[in-house]
Amino acid sequence: MDYIDFHTHQDPQCNRIFNLVGKNAPKSPYSYGIHPWSLNEDWKSLLSEIENNIHDPNLWAIGECGFDLARGPEGKTQLAAFTAQAQLAHKHSLPLILHCVKGVHLLQQFLKTEKNPPAIIWHGFNQKESIAQSLLQYPIYFSFGEAIFKEDSNAQNWLKNCPIDRIFLETDTSEKNISSIYEQASLILRLPVQTLDRQLKENWKKISKRGIDE
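Residues numbered from 1 in each chain as written. Predicted model: local features only at pLDDT ≥ 70, side-chain atom pairs only at ≥ 80, totals over all residues. Heavy atoms only, no water.

Q: Just checking my understanding: could you explain the overall build of the protein chain for this structure?
A: When helices and strands are tallied, the protein chain shows seven helices and eight strands. Its C-alpha atoms give the protein chain a radius of gyration of 16 Å, within 12% of the compact-globule value 17 Å for 214 residues. When the backbone C-alpha atoms are referred to their principal axes, the protein chain occupies close to 45 × 40 × 30 Å. The buried share of the protein chain, reckoned over its 214 residues, is 55%. (Helix = DSSP H or I, 4+ residues; strand = E, 2+ residues; numbered from the N terminus. Rg over C-alpha atoms; globule rule 2.2 N^0.38 Å. Buried < 20%, exposed > 50% of the residue type's maximum accessible area, 1.4 Å probe, protein only.)

As structure tokens, then:
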């Protein structure tokens, strides 16, 4: 089964959205963004590099980008860079892959002020269910990874209750195979893995004009 890995740092392949770091884009699906760890005063020139790739059919998403107040510049800079990338994503009908650590208030500030936010996939989601519930009024999706193997984790608990049309699955930096993550998710959701696979592909096609065409 050709399961889609919706966010990964593993080697590029046709069924993975590889998180690009640097300028050498692969000949397979990838995302490209300015991670908050990489933000500096020259972030607008980095945005130009993303724009140079914007019509590449292998560019499936903008990101990962977002907020990290544990490791990154001041919140004002992070919000400005995120807003610019979100507007680029919206303009080109691309989803945005979100990194968010201690920055939920900045995400909420953006969502309350931005009239046309793109589809935002919060990757590696492992926050309290109350945070997730508060975001359902916006085009926020949740990508689950290795944390769903931990019993009673925030990720596992929210996966059980998350609307099925808001779910994606990923490996991120884990060495796990994406098939094992799909199998674990299917057990938690009590869905056949084939049904889950079809659902996630449909979820993607609703938020992106690129990629999955089956």
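Here the narrative resumes, following the displayed structure.
Q: Honestly, the sheet that holds strand β4 (residues 59-68) in this entry has me stumped. Any pointers?
A: To summarise the sheet geometry, strands pair through backbone hydrogen bonds and adopt either a parallel or an antiparallel arrangement. On the basis of which strands lie adjacent, the open sheet formed by eight strands has the order β1-β2-β3-β4-β5-β6-β7-β8 and parallel pairing. Two strands in the sheet have a free side with no partner beyond their single neighbour: β1 (5-8) and β8 (167-169). Across this sheet, the average inter-strand angle for adjacent strands is 30°, counted without regard to direction. The sheet contact formed by strand β7 (residues 140-144) and β8 spans three bridges and is parallel. When the sheet's bridge partners are listed, Phe144 is paired in β8 with Leu169. Across the sheet, helix α2 (residues 75-91) is in contact with β4, β5 (96-101) and β6 (120-122); its angle to β4 comes to roughly 160°. (Pairing = 2+ DSSP bridges. Axes fitted to C-alpha atoms, helices over the stretch in contact; angles between N-to-C directions. Contact = heavy atoms within 4.5 Å.)

Q: Would you mind showing me how to read the pairing of strand β2 (residues 16-20) here?
A: One face of the sheet, then the other: side chains in a regular strand alternate in exactly this way. Burial runs high along β2: five of the five residues are buried. Of the two faces of β2, the one carrying Arg16, Phe18 and Leu20 and the one carrying Ile17 and Asn19 are both buried. Bridge count between β1 and β2: two bridges; the pairing is parallel. Directly across from Asp5, in β2, lies its bridge partner Arg16. Note that β2 and strand β3 (residues 30-32) share three bridges and pair parallel. Across the sheet, Leu20 pairs through a bridge with Tyr32, a residue of β3.

Q: Sorry, what's going on with the packing of aromatic side chains here?
A: The full count for this structure, using the stated rule, is 12 aromatic pairs. Ring plane angle 85° and centroid distance 4.9 Å describe the contact between Trp122 and Phe125, whose orientation is recorded as edge-to-face. Joined through ring pairs, the aromatic side chains of Phe6, Trp60, Tyr141, Phe168 and Trp204 make up one cluster. When the ring centre of Tyr141 is taken as reference, the NZ or CZ atom of Arg166 above it lies at 5.5 Å. Its guanidinium or amino end placed over the ring of Phe149, Lys176 lies 4.3 Å from that ring's centre, counting from NZ or CZ. (Phe/Tyr/Trp six-rings, centres within 6.5 Å; stacked < 30°, edge-to-face > 60°. Lys NZ or Arg CZ within 6 Å of the ring centre and 35° of its normal.)

Q: Help me out: how do you make sense of unusual backbone geometry in this one?
A: Residue Gly63 is joined to Glu64 through a cis peptide bond whose omega torsion reads 10°. Tracing the chain through its elements places Glu64 in strand β4. For Lys102, which is not glycine, the phi torsion reads 55° and is therefore positive. For Lys102, the location among the structural elements is in the loop between β5 and α3 (104-113).

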